[in-house]
Amino acid sequence: MQSIKDFIAGVQILFVAFGAMVLVPLLTGLNPSMALLGAGLGTLLFQIVTKRKVPIFLGSSFAFIAPIIFSLQTWGMGATMFGLFAAGFMYFVFAFIIRWRGIGLVNTLIPPVVIGPVIMVIGLSVAVTATQMAMGISGGTPIMKDTLAIILSIATFTVTVLITIFGKGLFRLIPILGGIFAGYLITFVFDITGFSASLNDGQNILHLENLMNARWFAVPEFHTPEVNWLAALFMLPVAIAPAIEHIGGIMAIGKVTGKDYTKDPGLDKTLAGDGLGVCVAGLIGGPPVTTYGEVTGAVMITKNDNPKIMTYAAIFAIAMAFMGKFNAFLNSIPLPVMGGIMILLFGTIASIGLKTLIDARVDIMVPRNLVIISATLITGVGGYTINIGSFPFAGVGLAAVLAIVLNLILPHPKESDAQD
């Protein structure tokens, strides 16, 4: 009987994490089935490394959205897979540092004045992508009438906001899933009534024949990784922000359960487990994985902190990766529906970066802090690129490295200066 309850709880956990988990591949062009498979395998590997002591589910990381899009356009799928695989090793670096010198050295290298603006860059760097998708524009080309696109994106955005603000209990943890469902339902109603065709040059939006023709069981399409050290060097610094986010996630779930996971099994073990999951997800063509705040919220509400439920959630995610019709359904979600979600989501990520600075009481009037934050934001969002041979270094990775270097070389103000 208890196993049945744990299984149901595991399905519930996957339901909570699902919207955010499949959003990343849908936005980047990766296979949603591989995101499910990578999340499931990554969570199981995390549990093996941590001896199934931490109730954590690993899902797709939003930090890699812009880098994945850039890498796919620059080097292709195989090289991107290798780059994402290499990104997992950044977690092992942090795990080694913590095991060697403790978390104090990590805080010295990457304090809030560094990690805050880097997280803001993650959200703001894809702002244009979000607004274009909300307007029905893909790759600079309009794929539907702007009137219809705006109706769908605003409706999706509105439902997502309403769930975020007024949702109760577990329902409040699934604003992305609720918004996507509402947007898809509205699109379906428009399609069957002919309203969408009247706004879209006589063309319907949904191509339901693809969904009907899809097989119930289908093995996801696997790609072969291609060794590309430029793609690897590009992805490595991107992993800095989610690696730090992992530490915060472990501390957060510890507060919920009343256990100190930083000591048992230890942050070095949890980081290594997450890094292993990132490596495997990258190798199979899925987005890198990370800890999910939604899952922590679900654990807090349900009071069920048995790590076994994460095992069931992982197994169910793997099973769903082989459901052909489900994958076809995900790929049929209209572009403006995704855009409506993105406007809120990426703005929220940027806000989390701002919250990091506020919580740490970073004084922006101190010239040192002002320089680090300003340079990081403009470099990361403005498209500043350093070409090292044929290797373009830009975006989140460049912003993260710049912030770390400035933090190390700029002198801290003297106490008398700070008081003045």
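For the structure itself, consult the block above.
Residues numbered from 1 in each chain as written. Predicted model: local features only at pLDDT ≥ 70, side-chain atom pairs only at ≥ 80, totals over all residues. Heavy atoms only, no water.

J.: Lay out helix α14 (residues 262-284) with the relevant residues and their values.
T.: The principal kink in α14, of about 50 degrees, is found at K269. Trailing α14 by a residue or two, G285 shows a phi angle of about 95 degrees, which is positive. (Bend = angle between axes of the 7 residues up to and from the residue. Helix = DSSP H or I, 4+ residues; strand = E, 2+ residues; numbered from the N terminus.)

J.: Which residues make up the packing of aromatic side chains, and what are the values?
T.: What the rule picks out here adds up to 14 aromatic pairs. On the numbers, 6.0 Å between centres and 10 degrees between planes, the contact of F217 with F322 is stacked. Of this pair, F217 sits in the loop between α11 (208-213) and α12 (229-235) while F322 sits in the loop between α16 (308-320) and α17 (324-331), and the two are 105 residues apart along the sequence. Look at F322 and you get partly exposed, because its relative accessible area is 22%. (Phe/Tyr/Trp six-rings, centres within 6.5 Å; stacked < 30°, edge-to-face > 60°. Buried < 20%, exposed > 50% of the residue type's maximum accessible area, 1.4 Å probe, protein only.)

J.: Describe the layout of surface pockets, listing the residues and the values that go with them.
T.: Reported here for the second largest pocket is a volume of approximately 640 Å³. Take the lining of the second largest pocket: its biggest share by element is five residues, from helix α3 (residues 65-74). Across the lining of the second largest pocket, the residue classes tally to 17 nonpolar, 11 polar and no charged. (1 Å grid on protein atoms, 1.4 Å probe; cavity = no way out; pocket = protein on both sides within 12 Å on 5 of 7 lines; lining within 4 Å. Points joined across faces, edges and corners; volume = space filled by probe spheres on them. Nonpolar A, V, L, I, M, F, W, Y, C, P; charged D, E, K, R; others polar.)

J.: Give a detailed account of the nonpolar core, specifying residues and quantitative values.
T.: Residues F57, F62, F64, F94 and F346 are the most contacted members of the largest nonpolar core, which totals 111 residues. Examining the composition of this core, we find that 12 residues originate from one element, helix α1 (residues 2-28), more than from any other. If sequence neighbours within four positions are ignored, F64 has contacts with L84, A87, M235, V238, A239, P242 and P288. Membership of the second largest hydrophobic core comes to six residues, among which are M144, L148, A149 and I205. (Core = buried A, V, L, I, M, F, W, Y, C linked by side-chain atoms within 4.5 Å. Contact = heavy atoms within 4.5 Å.)

J.: Please give an account of the pairing of strand β6 (residues 391-394) that cites residues and values.
T.: Alternating positions in β6 separate into two faces, F391 and F393 on one and P392 and A394 on the other, with burial throughout. In this sheet, β6 lies alongside strand β5 (residues 385-388) in antiparallel orientation, the contact comprising four bridges. Bridging across to β6, T385 finds its partner in A394. The loop that links β5 with its antiparallel partner β6 comprises two residues; one of these, G389, has a positive phi angle of about 65 degrees. (Pairing = 2+ DSSP bridges.)

J.: A description of the packing of helix α8 (residues 146-166) against helix α9 (residues 175-193) should follow, citing residues and the corresponding values.
T.: Contact geometry for α8 and α9: axes closest at 8 Å, N-to-C directions at 145 degrees. Once α8 is placed against α9, the crossing between them reads as right-handed. Here α8 contributes L148, I151, L152, A155, T156, V159, T160, I163 and T164 to the contact with α9, which in turn contributes P175, I176, G178, G179, I180, A182, G183, I186, T187 and F190. Of the residues that constitute the contact of α8 with α9, the class distribution is 12 nonpolar, seven polar and no charged. (Axes fitted to C-alpha atoms, helices over the stretch in contact; angles between N-to-C directions. Left-handed = near helix turned anticlockwise from the far one by under 90°.)

J.: Residue-level account of helix α2 (residues 32-49), with values.
T.: Between the first and last C-alpha of α2 there are 26 Å, a value that for 18 residues agrees with the 26 Å anticipated at 1.5 Å per step. In terms of residue burial, α2 counts as a mostly covered element, since 13 of its 18 residues are buried. One side-chain oxygen of the residue at the start of α2 lies 2.9 Å from the amide nitrogen of S33, identifying that residue as N31. Directly beyond the C-terminal end of α2, a positive phi value near 55 degrees is found at K51. (Expected span 1.5 Å × (residues − 1). Polar contact = N/O pair within 3.5 Å; in protein donor to acceptor, adjacent residues only side chain to side chain.)

J.: Summarise unusual backbone geometry; cite the residues concerned and give the values.
T.: Of note, the amide linkage connecting D264 to P265 takes the cis form, showing an omega dihedral of 20 degrees. Looking at where P265 falls in the secondary structure, it is placed in helix α14. Positive phi outside glycine occurs at K51, with the angle close to 55 degrees. Position of K51 relative to the elements: it lies in the loop between α2 and β1 (58-60).

J.: Go over the pattern of salt bridges with me, naming the residues and quoting the values.
T.: Within this structure, the stated rule accounts for four salt bridges. A salt bridge links D359 to K355; its shortest N-O distance comes to 2.6 Å. Of the two residues, D359 and K355 both sit in helix α18 (residues 335-359), four residues apart, roughly one turn of that helix. Here the residues in one salt-bridge network are R99, D268 and K269, joined through shared partners. (Salt bridge = Lys/Arg side-chain N within 4 Å of Asp/Glu carboxyl O.)

J.: Tell me about a nonpolar patch on the surface, residues and numbers included.
T.: A cluster of nonpolar side chains, F181, L185, F188, V189 and I192, forms an exposed patch at the surface whose accessible area comes to about 490 Å². Take F181: it is sitting in helix α9. Given the relative accessible area of 57%, F181 is considered exposed. (Patch = residues over 30% accessible without salt bridge, like charges linked within 9 Å, V, L, I, M, F, W, Y side chains within 5 Å. Areas by Shrake-Rupley, 256 points an atom, 1.4 Å probe, with all protein chains shown as cover.)

These results come straight from atomic positions and should not be treated as a statement about function.
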